[in-house]
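Notes for the structure review
If you want the building blocks of each chain, they are given just below.
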Amino acid sequence: MSCNWRTVKLQEIVLFKTGKLDSNAADEQGIYPFFTCSPVTLAIDNYAFDTEAVLLAGNNANGVFAVKYYNGKFNAYQRTYVITPINKSVVSVRWLYFRIKHVTSELQQMSVGTATKFLTKKILDAYEVQLPPIEEQERQAKILWDLQNKLDLNTQTNQTLEQMAQAIFKSWFVDFDPVKAKINGEQPEGMDAAAAALFPEKLVESELGLIPEGWKPKQLKDILELAYGKALKKTDRVEGNVPVYGSGGLTGYHNQSLVEGPGIIVGRKGTVGSVYWEPKAFYPIDTVFYVKPKTGYSLKYCHMVLQNLGLKDMNTDAAVPGLNRNNAYRLDVITPNESVLKKFEEMTQSFQSKVDANNVQNASLESLRDTLLPKLLSGEIVLGQTEEMAEVS
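All of the points below concern the structure found in this document. (Residues numbered from 1 in each chain as written. Predicted model: local features only at pLDDT ≥ 70, side-chain atom pairs only at ≥ 80, totals over all residues. Heavy atoms only, no water.)

Digging into the side chain of Asn60
Applied cut-off: We count a stretch as a helix when DSSP gives it H or I for four or more residues in a row; a strand needs E for two or more, and each element gets its number in order from the N terminus. Think of it in three bands: with a 1.4 Å probe and only protein chains considered, a residue is buried below 20% of the maximum accessible area for its type, exposed above 50%, and partly exposed in between. Throughout, a contact is declared for two residues whenever any of their heavy atoms are within 4.5 Å.
Structurally, the position occupied by Asn60 is in strand E6 (residues 59-60). Judged by its relative accessible area of 16%, Asn60 falls in the buried class. If we ignore the near neighbours within four places in the chain, the residues touching Asn60 are Cys37, Phe65, Thr116 and Lys117.

Quick word on the sheet that holds strand E17 (residues 263-267)
Filter applied, for reference: Any two strands with at least two DSSP-identified bridges between them are counted as paired. The convention used is that axes are lines fitted to C-alpha atoms, helices contributing only their stretch in contact, and that angles between N-to-C directions extend from 0 to 180 degrees.
Spatial strand order, E14-E20-E17-E18: four strands in an open sheet with antiparallel pairing. Every other strand in the sheet has two partners, leaving strand E14 (224-228) and strand E18 (275-278) as the edge strands with one partner each. Adjacent strand axes in the sheet meet at a mean angle of 35°, parallel and antiparallel pairs treated alike. Here five bridges tie E14 to strand E20 (residues 288-293), and the two strands are oriented antiparallel to one another. Directly across from Leu226, in E20, lies its bridge partner Val291.

Let's talk about the packing of aromatic side chains
Our working definition: Only Phe, Tyr and Trp rings are paired, with Trp represented by its six-membered ring, and only when their centres lie within 6.5 Å; those with planes under 30 degrees apart are stacked, over 60 edge-to-face, the remainder tilted.
Considering all chains together, one arrives at 26 aromatic pairs under this definition. One aromatic cluster is present, built from ring pairs that chain together Phe169, Trp172, Phe173, Phe176, Phe199, Trp215, Tyr297, Tyr301 and Phe344.

Focus: the sheet that holds strand E15 (residues 242-246)
Strand order across the open sheet formed by three strands is E16-E15-E19, with mixed pairing between neighbours. Here the strands that pair on one side only, and so sit at the sheet edges, are strand E16 (249-254) and strand E19 (283-284). Pairing of E15 with E19, which is carried by two bridges, proceeds in the parallel orientation. Directly across from Tyr245, in E19, lies its bridge partner Pro284.

Things to note about the nonpolar core
A general feature of soluble globular proteins is that nonpolar side chains tend to end up buried together. We apply this condition: Only buried Ala, Val, Leu, Ile, Met, Phe, Trp, Tyr and Cys residues count toward a nonpolar core, and they belong to the same one when joined by side-chain atoms within 4.5 Å.
In this structure, Val266, Tyr301 and Leu306 are the most contacted members of the largest nonpolar core, which totals 44 residues. If you look at the next biggest cluster of nonpolar residues, it comprises 39 residues, including Ile13, Val103, Leu107 and Leu131.

So, helix H8 (residues 299-307)
Most of H8 sits out of view: eight of its nine residues are buried. The complete set of buried residues in H8 reads Leu299, Lys300, Tyr301, Cys302, His303, Met304, Val305 and Leu306.

Limitation: the analysis is restricted to geometry and does not speak to function.
Encoded structure:
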């Protein structure tokens, strides 16, 4: 650590405020970010803050405290800390984001509570950090944010590709747009003649209503198997890089996997019907199902089917929400002919290849960031060395 760095308590350099709202105040149509203790940022139609701040979750059942950065108008949950500098000439908010994010594992150990873990203001006030001069903070923040921006761009690209795949699935297999276009004597939108020729030219009656000629009504059990996850107590977990999934999503990491990736996870107990895609090997615990496609159906097709079946509306238990597998198996799925299914899988595989390439780059960027972060924040390496390392990526 450089001689002009100083050790300070957080209460000496930042202010801790909290929002005033309950999490159910969220509005999907809202125009402002709503920061709760969830890793996912919600929306709301009003704001209480207009500032540059670090947002820190104040409680979480698993002790996973989300850290976010935002500059502008937003609102916050009553247990979310809105952290701002006492003096902006002393503390850079963009640097503070990485400083706090870097110590969340330590804060997790310091949190209090049993069923739910809490970060109290007393804990945060007393936490000590090494504070470099503002110029050093801003240089560090630029390097780290440049890496973060590359990560975010790849993530946004992957989200766009996923949305494109979902839009194609809905158009082809839910709304039957190519078939309807051919019935009207039109060329299906965005489709060449060879692809259009794969689709039938009329709809016929079935027990599910009008469906494309030659397509078949099936049940979900004919498409895939919902396999049970396996119990894994938190006390039995060993630190590793294997994602552990519960019904609410990622719950932590372990050193052993149960399923080779990529894979699909479906919420069974708690957050019913939630559907997650995991590209790497993972461990599904006993509150979820994981998916095994039946012969002839790709994992990506199964993913799209599950996203369009309304599983979240299938709670069968009163005390703890639950998804009954047999009920899910009886859900109707209209399956296309083999040529259309193959074409869809070719297209989605092209998307998936791009996603996979972005994920590989992100893994490299994350490794570089995680290597640089502690060394930068401790003053172990100088900025000239850091900039050379960042340029290599």
